[in-house]
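# Chain and residue survey
As a plain string of letters, each chain reads:
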Amino acid sequence: MDRAFRALIERTFGDLLTGPVRQRHDETEMRIRPGDVPAVVRTLHDDPALGFEYLGDLAGVDTGTDFQVVYHLWSVVTPDWLRVIADGIPRDQPRIPSITFLWKGAEWMEREAYDMFGLVFEGNRDLRRIYLPDDFVSFPLRKDFHLPDDASRSPGGGVRPMEDAATPADAAAATVRRTATAR
Amino acid sequence: MTTPTRPSLDDPALTIALEHAGIFEPIPMARTERQQEFYTLGDGEMLLNMGPQHPSTHGVLRVVLKISGEQVVDLDPVLGYLHRGVEKIAENSDFHHIISQLDPLEYISSLFCEWSPVMSFEKLLDVQVPRRAEYIRVLTGELNRIASHMLFLGWYALDLGGITPILWSFAERDEIMEMLAAVTGAKLLFNYFRIGGVNGDLNHEFMSRLGDWMGRAGAQLEAGMGLLNENEIFVRRARGLGVLDRETALRMCTTGPNLRASGVPFDIRRAHPYSVYPELEFDIPTRNEGDSLARYLLRMDEVRQSLRIIDQCLHQMPDGPIMARLPRLLRPRPGRAYSAVEGPRGQYSCYAMSDGTDQPFRLRIHDPSFLHLQLVGLLMPGNLIADTMAIMASLDPVMGGVDK
């Protein structure tokens, strides 16, 4: 854990942060609003004191209530991985600016997040499905995606209540429990 | 000469052209800007379908080439033929069960696919892995790296039309696979790493095979590489082909040997040390040319470094347990963990979220081949059709990892 780096992040981004900067093991985590992603990422990349020119990963996450896009970045200035969480993307309007203006390589990762979560990355010029066929209708990694396969409903397979479309009440409960402990 | 007409997508002439080009189902409608651009043909251009069953696609991959004569103007890889939805499976499996699902991702170097998720689960659980287990992981991992690079050597030569090297490199790879089979119990999909350690201790068969092999490995590997390293036909074929410069490599999120061949000395083993790599001595080979030859030679340099690491592991191997004490049913406290390892193709990383149950809330697998395949579209334009496979193979993507 790099305490000095946490201070640097807090100093640099101040109001853009929507939650406390958290640290655990070799990771530093910051939360921002989805609309601020281009500005934050641009600063992280271009500021010589930060120098995050290496994008480790881009992942979509469905928390059960809303979506997140999680970026992992690496820089020489800190031994930690920096995790940037774009938090609170609404379910009915899953839109977030693309970062392909900075990392062209994120194009396919954003396509994958679109394919799996239906997240629309504004500015990605090739946002279509990448794994699933073009006529696939739903987004399989969403928590309300209902597994059609009976095997997954067997006790051994252990289906989650949140994936069971028949019990939306459970889904809400599970989400609240998770967010209450995880944040 | 008449002015070139650019047929639109609802043009029946184009539909016929596409059918003639081997794309049997006409493409319905362009969904994106890029697709619109790609499927609009200029004067003298045509589309050619390569794969999904092509002898040199390294798995099941389909590439739509837009060609003008012999030259490739653009290309559009079509993925998903091997998609299994591992991330979805993982969300519905016990933490222990996931490991066996991850092996087939990158069937050439399975240990690295297991490594990063196992590491992130250990972070979620705050487990300290015994030192002996870490050394065993590094030892078997480096062996797997050599096996993978040897297969690359053979494949690459095969894609360029040389038959002999794959026979040599497969002999090498087979020796390593037999060794790993002795310790893991499986020859391809090892399922060896466990949360908190490894599945079995080094046994007599493994050690005797390894000791035997280490005595002659250096000379044997050099002989195999010598078939290509100094082969004028090969060198002239690969030099200057598919040049990737430093800035583009970083912009395209390239990792591993492909990035280091473009002059960036980025290796996660040193950049973000994990396991016992800080205790081991090895160099990070780097090359500045960024062409196919550099990528090939860099992998061969890595093989030499891996031999050094194995040698040190054997000398420094501590005694002790190989598994941390853990309950059978794992319920990490809610949280997030990210871990990355340096595999033979680049960065294998995993982002795991736990909500306090025995199954991960979200498991994101990041595979380097996925991003390297994306590079092909950037490196290909302007090259000949025959170079498609030469460039693609030099990036060394494995479709099992690309499609997840």
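Going by the structure above, here's the rest.
Residues numbered from 1 in each chain as written. Chains lettered and ligands numbered in written order. Predicted model: local features only at pLDDT ≥ 70, side-chain atom pairs only at ≥ 80, totals over all residues. Heavy atoms only, no water.

Within this structure, the stated rule accounts for 23 aromatic pairs over all chains. When the centroid spacing of 6.2 Å and the interplanar angle of 85° are considered together, the rings of Tyr54 of chain A and Trp74 of chain A count as edge-to-face. One end of the pair, Tyr54 of chain A, is in strand 3 (residues 54-62); the other, Trp74 of chain A, is in strand 4 (residues 67-74), and 20 residues separate them in sequence. For the pair Tyr54 of chain A and Trp74 of chain A, a shared accessibility class is recorded, and that class is buried. Arranged with centres 6.0 Å apart and planes meeting at 35°, the rings of Phe112 of chain B and Trp115 of chain B form a pair that is tilted. Placement of the pair is Phe112 of chain B and Trp115 of chain B together in helix 5 (residues 110-125), with a separation of three residues, close to one helical turn. (Phe/Tyr/Trp six-rings, centres within 6.5 Å; stacked < 30°, edge-to-face > 60°. Helix = DSSP H or I, 4+ residues; strand = E, 2+ residues; numbered from the N terminus. Buried < 20%, exposed > 50% of the residue type's maximum accessible area, 1.4 Å probe, protein only.)

Here the focus is the sheet that holds strand 8 (residues 360-366) of chain B. All names here are of chain B. Taken in spatial order, the three strands of this open sheet run 6-7-8, and their pairing is antiparallel. If you trace the sheet from one side to the other, it starts and ends with strand 6 (335-342) and strand 8, each paired once. Sheet twist, expressed as the mean angle between neighbouring strand axes with direction ignored, is 10°. (Pairing = 2+ DSSP bridges. Axes fitted to C-alpha atoms, helices over the stretch in contact; angles between N-to-C directions.)

Attention now moves to the environment of Ala337 of chain B. With respect to the helices and strands, the residue Ala337 of chain B is situated in strand 6. Residues Ala337 of chain B and Glu122 of chain B, 215 residues apart in the sequence, show an inter-C-alpha distance of 8.9 Å. Not counting chain neighbours up to four residues away, the residues in contact with Ala337 of chain B comprise Glu27 and Arg83 of chain A together with Ser120, Lys123, Leu124, Cys350, Tyr351 and Ala352 of chain B. (Contact = heavy atoms within 4.5 Å.)

Counting residues at the interface gives 55 residues for chain B and 61 residues for chain A. Summing the contributions of chain B and of chain A, the shared interface buries around 5,200 Å²; its carbon and sulfur component is 52%. On the surface where chain B and chain A come into contact, there are ten salt bridges. One can count 30 residue pairs in polar contact (both at pLDDT 80 or more) joining chain B with chain A. Its residues assigned to classes, the side of chain B that touches chain A shows 21 nonpolar, 15 polar and 19 charged. (Buried area = accessible area lost by both parts, 1.4 Å probe. Salt bridge = Lys/Arg side-chain N within 4 Å of Asp/Glu carboxyl O. Polar contact = N/O pair within 3.5 Å; in protein donor to acceptor, adjacent residues only side chain to side chain. Nonpolar A, V, L, I, M, F, W, Y, C, P; charged D, E, K, R; others polar.)

All names here are of chain B. Phi is positive for Asn191, which is not a glycine, with a value near 50°. If you trace the backbone, Asn191 turns up in the loop between helix 7 (164-184) and strand 4 (193-194). Even without a glycine there, the phi angle at Lys404 is positive, about 50°. Relative to the elements of secondary structure, Lys404 occurs in the segment after helix 16 (399-403).

By size, the foremost hydrophobic cluster in this structure holds 160 residues, and its most contacted members are Leu44 of chain A together with Leu79, Trp213 and Tyr296 of chain B. Per-element accounting of this core gives the leading share, twelve residues, to helix 6 (residues 131-159) of chain B. Those residues within four positions of Leu44 of chain A in sequence are excluded, and the remaining contacts are Ile9, Phe13, Leu50, Gly51, Phe52, Leu73, Leu82 and Val84 of chain A. With five residues, the next largest nonpolar core counts Phe38, Tyr39, Leu41 and Leu47 of chain B among its residues. (Core = buried A, V, L, I, M, F, W, Y, C linked by side-chain atoms within 4.5 Å.)

Note that Leu79 of chain B resides in the loop between strand 3 (71-78) and helix 3 (86-91). For Leu79 of chain B and Pro52 of chain B, which are 27 residues apart along the polypeptide, the C-alpha to C-alpha distance reads 9.3 Å. Once residues within four sequence positions are removed from consideration, Leu79 of chain B is found in contact with Trp108, Ile130 and Tyr131 of chain A together with Leu61, Phe370, Leu373, Met399, Val402 and Asp403 of chain B.

Function cannot be inferred from these measures alone, as they are strictly geometric.
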